[in-house]
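# Reading the structure
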Amino acid sequence: MPRTRPLDRPLLWAGLAALVCGAVLSVIGWYGISGERFAERQLPYIASCTVPGAALIVAGAVLLARGDREPAPTREDTGAEPVEVSTPPSAEGPLLQVPGGTLLHRPDCPLVTGKPDAAPPDDPSGLNLCPICEPPPPEPPAAEA
């Protein structure tokens, strides 16, 4: 990775400038407050120098911390292969039941997705419908002639 010159890092310079300005304002505020006996006369120094100085010191520290980081590599830089995304399960198909469960689920219900032991029930008549995926009621078994 090529080294960058300090002039190529604007966040670094902005952070240093903010730190220096914040330190100068804080010193001016402290000096102004130290010469005043009454709190009423100290408040203008706090409001105009000390608080903005402290804010600039914090902002400078954040900029310096952020400026040390290298830019994140882009997808082209990493050379990584594209990730294959599996297709989500379809809502089409028979209703499923988890072994020992009391609910019927659609095949795409998050409660049964990824569970290999979920299968169509033998007798869906005693099972309730899942309140999450809200499957249609099971069709009654056809009468055999």
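Refer to the structure printed above.
Overview of the structure. (Residues numbered from 1 in each chain as written. Predicted model: local features only at pLDDT ≥ 70, side-chain atom pairs only at ≥ 80, totals over all residues. Heavy atoms only, no water.)

## Things to note about the overall build of the protein
In terms of helices and strands, the protein carries 3 helices and 2 strands. For the protein, with 145 residues in total, the buried portion stands at 18%. Summarising the internal contacts of the protein: among those between residues at least 6 apart in sequence, 52% fall at separations of at least 24. Put simply, the protein shows about 11300 Å² of open surface, and 63% of that area lies on carbon and sulfur atoms. (Helix = DSSP H or I, 4+ residues; strand = E, 2+ residues; numbered from the N terminus. Buried < 20%, exposed > 50% of the residue type's maximum accessible area, 1.4 Å probe, protein only. Contact = heavy atoms within 4.5 Å. Areas by Shrake-Rupley, 256 points an atom, 1.4 Å probe, with all protein chains shown as cover.)

## A few points about the environment of Val112
Mapped onto the elements, Val112 comes out in the loop between β1 (103–104) and β2 (128–129). For the pair formed by Val112 and Leu96, sequence separation is 16 residues and the distance between their alpha carbons is 7.8 Å. Setting aside anything within four residues of it in sequence, one finds Val112 in contact with Leu96, Val98, His105, Arg106, Pro107 and Ala118.

## Describing the environment of Leu16
Of note, Leu16 is situated in helix α1 (residues 10–34). Using a relative accessible area of 35% as the deciding quantity, one classes Leu16 as partly exposed. Separated by 45 residues in the primary sequence, Leu16 and Ala61 place their C-alpha atoms 8.2 Å from one another.

## A word on the pattern of salt bridges
Applying the stated rule across the entire model yields 1 salt bridge. For Arg41, the salt bridge is made with Glu36, and the minimal N-O distance between the two is 3.9 Å. (Salt bridge = Lys/Arg side-chain N within 4 Å of Asp/Glu carboxyl O.)

## A closer look at the nonpolar core
With 6 residues, the main nonpolar core is built from Leu96, Cys109, Val112, Ala118, Cys130 and Cys133. Beyond its immediate sequence surroundings of up to four residues, Cys130 is in contact with Leu103, Leu104, His105, Cys109, Leu111 and Pro135. (Core = buried A, V, L, I, M, F, W, Y, C linked by side-chain atoms within 4.5 Å.)

## A closer look at α1
For α1, with 25 residues, the first-to-last C-alpha span of 36 Å sits near the 36 Å given by 1.5 Å per residue. Taken as a whole, α1 has its buried residues at Gly15, Ala18, Gly22, Gly29, Gly32 and Ile33. (Expected span 1.5 Å × (residues − 1).)

## Focus: the side chain of Gln97
Of note, Gln97 is situated in the loop between α3 (75–78) and β1. What Gln97 contacts, discounting residues up to four positions off in sequence, is Leu103, Asp117, Ala118, Ala119, Pro121 and Leu127.

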